[in-house]
Amino acid sequence: MAGRRVECLWKRHVAEQLKQRDRVQRQAFEEIIHQYNRLLERSDLQAVFSERLQTDKYEQQNRHDLSPGVDGGRSDSLQQEMAQMRIKHQEELTDLHKKRGELAQNVIELNNQIQHKDKEIQSNEAKMLEYQQQISHLEGECRELRNSLADLERANQTLRDEYDALQITFNALDEKLRKTTDDNLELVTRWMAEKAQEANKLNAENEKDSRRRQAKLQKELADAAKEPLPIEPDDDIEVLSEDAGKGTGETSPGGQPSRTPSKRTSQPPPPAGLLDSITNIFGRRRSVNSFGTSPEPAEAASMCSDVRVPSTAVHIFDAHDGEVNAVKFSPGSRLLATGGMDRRVKLWEVVSGHCELKGTLTGSNAGITSIEFDSAGSYLLAASNDFASRIWTVDDSRLRHTLTGHSGKVLSARFLLDNARIVSGSYDRTLKLWDLRSKVCMKTVFAGSSCNDIVCTEQCVMSGHFDKKVRFWDIRAESIVRELELLGRVTSLDLNHDRTELLVCSRDDLVKIIDLRSNAVRQTFSAQGFKCGSDFTRVTFSPDGSYVAAGSADGVLYIWNVLTGKLDKTLDKGHSSAINSVSWSPSGAYVVSVEKASKAVLWSDM
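Going along each chain's sequence as written, the residues are numbered from 1 onward. Reporting in this predicted model follows two pLDDT cut-offs: at least 70 for local features of residues, and 80 or more for side-chain atom pairs to be given and counted; totals over whole chains, interfaces and linings ignore these cut-offs and use all residues. Where side-chain values are given, they derive from all heavy atoms of the structure, hydrogens and water being excluded.

Novice: Which residues make up the overall build of the protein chain, and what are the values?
Specialist: The secondary structure listing takes helices from DSSP runs of H or I that are at least 4 residues long and strands from runs of E that are at least 2 residues long, numbered from the N terminus. Helix and strand content of the protein chain: four helices and 28 strands. Using a 1.4 Å probe on the protein chains alone, a residue whose accessible area is under 20% of its type maximum counts as buried, one over 50% counts as exposed, and one in between counts as partly exposed. Within the protein chain, the fraction of its 606 residues that count as buried is 34%. Should any heavy atoms of two residues lie within 4.5 Å, those residues are considered in contact. Here the contacts in the protein chain between residues at least 6 apart in sequence split such that 48% fall between residues at least 24 apart. To measure how exposed things are, a 1.4 Å probe is used in the Shrake-Rupley method; for residues, cover is taken only from the protein chains shown. Of the roughly 37,100 Å² of accessible surface on the protein chain, a fraction of 51% belongs to carbon and sulfur atoms.

So this is what it looks like as structure tokens:
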């Protein structure tokens, strides 16, 4: 119905426009056409007059021929009159021809205008046809859009209904989450309280055991002091007593010392100071390790005084099935640990320049990314790609702790100096501080970028990140003390023996030493051909801090002299792929490097 109404409207509009054009154009040319018609009538009248004059002329000539002498004067006058009329008619005819030419010109111009107008009409009709088609097309699109709008409104209403339902569900789940969180908090509080009670009980039992041992020791010492020494009758043993006169009131004659044949003499108990000293010794022995570790072995590392720069690959061996990511010497230099993508940590014993497999630590569910021994060499800490860190005891290769909580790969984990806490850095851009006594995460710090490596001092943690920055964290304040931005992504960090210099490797193929006292780059090492092979390439100081060792992407081991800043050694015979990690033994005698293939190389100057 609406379409028919629109069609009637535009037809009526076209008819009114045509009538308006007819009125305007007709009014403009109506006078010209009227004059033209009058001229045509006069022209026809003139033609009639001319025919009459010709007829009259012939009749006059005939009359003159018939009566040449009659009425001569009259004929002259008639001829003059006719000549005047002829002249007059000729003039009128000339004017008529002139006006006819003008009118013809006007007619031509009007015809041209009419043709032009006809062309305009045809063009307008074509445009009108095109506009009609466009109108039809647009009307169709309007109908489609109306239908689409109706569909969208229905869909929108459906989505609103679904949103309302989801909002109700979300509110219910949020309430459930809140209750679950409260329950979880209550359970954690109860669990912590129970753990505290268990710890108190354990401490009480340890205290009782300690007291029992002390009492037993005191009793044994007292019994040992009271027990008389066996004396043979034939022995001539002289017993001296400082308080002989005081105890019995008797003295030997002449003041000489008495000789007691075959008689048992009781000794007084030892002074209390001796027992206290023994108790203190045992007390100190029990507090050597804060979370139940064994005392440090006799091979605990000491400051190396003789570092030898390696020159030869003394042992090349297959360490893992696949890529080897991490390597570390134990503090005593006797053991070597390697970690690979085969999810295993292997312990190797270094004997006379040869590595012999001692044990395999299992339990990780993904590739190992870093390895760290505690200061005593009793525990081994490894980070892995399964979002966790794990601790094994070295002696029995048993898994002791699994620390989970990161939401990304754990790329580095380190013991703090007290060996009772651990710091881990992850791909999830966080650092976590773990307490091994309670086995829980104490703190979580958001670093803003993926953490590739970590080193620790007493109260400061230094972390290297993907965003080219080295960040210094205060453990107590959980805040960044300062930042240092380099020119490439940080892949490795290492501290020298006195923890005053920080070694940094980055993806701009530079190895730098940062003075921690001035917080400035003190030295930069580079070499022709040296290229950092990955975002996790590890470099190391020598035990005395005099040398720096780093592996390149082409399988070459580079060693720089810190004092001169120059390249000291280039070892290129051993690896067939990029070197991932390097470790220098605390004794200074060996350097070990591992590669992206399965091999490890033990270097020395032997």
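Novice: Can you break down the layout of surface pockets residue by residue, with the values?
Specialist: Cavities and pockets are found on a 1 Å grid laid over the protein atoms alone: a cavity is a set of points where a 1.4 Å probe fits but cannot escape, a pocket is an open set with protein on both sides within 12 Å along at least five of seven lines, and a lining residue has an atom within 4 Å of such a point. Grid points are joined across faces, edges and corners, and a volume is the space filled by probe spheres set on the points. Estimates place the volume of the largest pocket at around 1,200 Å³. What lines the largest pocket is a set of 45 residues, among which Lys-328, Glu-372, Asp-494, Leu-495 and Arg-499 lie closest to the centre. Only β2 (324-329), β6 (368-373), β10 (410-415), β14 (451-456), β18 (490-495), β22 (540-541) and β26 (579-584) provide two or more residues apiece to the lining of the largest pocket.

Novice: So what's going on with unusual backbone geometry? Which residues, and what values?
Specialist: Positive phi is not limited to glycine here, since Phe-387 has a value of about 70 degrees. Among the structural elements, Phe-387 can be located in the loop between β7 (379-384) and β8 (388-393). Phi at Arg-499 is positive, roughly 60 degrees, even though this residue is not glycine. When you line up the elements, Arg-499 lands in the loop between β18 and β19 (501-506).

Novice: Got a sec to walk through the pattern of salt bridges? Specific residues and values, please.
Specialist: Salt bridges are defined by distance alone: a side-chain nitrogen of Lys or Arg within 4 Å of a carboxyl oxygen of Asp or Glu. Inspection of every chain in the model, using the stated rule, returns 22 salt bridges. For Arg-471, the salt bridge identified is with Asp-467, shortest N-O distance 2.7 Å. Taking the relative accessible area as the measure of exposure, Arg-471 reaches 5% and is therefore buried. Note on Asp-467: relative accessible area 26%, which makes it partly exposed. One salt bridge in this structure joins Arg-507 and Asp-535, with 2.7 Å as the shortest N-O distance.

Novice: Which residues make up the side chain of Ser-552, and what values do they have?
Specialist: In this fold, Ser-552 is placed in the loop between β23 (547-551) and β24 (557-561). Any pair of nitrogen or oxygen atoms within 3.5 Å is treated as a polar contact; in protein, a donor-acceptor pairing is required on top of that, and neighbouring residues in sequence qualify only through side-chain atoms on both sides. Here the side chain of Ser-552 touches Asp-554 through a polar contact of 2.9 Å, side chain to side chain. In contact with Ser-552, other than residues within four places in its own chain, are Gly-529, Phe-530, Lys-531, Tyr-558, Ala-578 and Ile-579.

Novice: How would you explain empty space enclosed by the protein if you had to name every residue and give the values?
Specialist: Regions of empty space are outlined by a rolling probe, equal in size to a water molecule, passed over the atoms. Here the structure, examined in full by the defined rule, presents two cavities of 30 Å³ or more. Considering the residues around the largest cavity, the lining is formed by 13 residues, among which Leu-433, Val-445, Val-461, Trp-473 and Ile-475 are closest to the centre. For the lining of the largest cavity, the elements supplying multiple residues, two or more each, are β12 (430-435), β13 (440-446) and β16 (469-474). Here the second largest cavity is characterised by a volume of approximately 80 Å³. Lining the second largest cavity are Tyr-36, Leu-39, Leu-40, Ser-43, Leu-93, Leu-96, His-97, Arg-100 and Leu-103. At the level of elements, α1 (2-66) and α2 (72-226) are the ones that each hand at least two residues to the lining of the second largest cavity. Three classes are used, and their members are as follows: Ala, Val, Leu, Ile, Met, Phe, Trp, Tyr, Cys and Pro are nonpolar, Asp, Glu, Lys and Arg are charged, and the others, Gly among them, are polar. A class-by-class count of the residues in the lining of the second largest cavity yields six nonpolar, two polar and one charged.

Shape is all these values report; function is a separate question.
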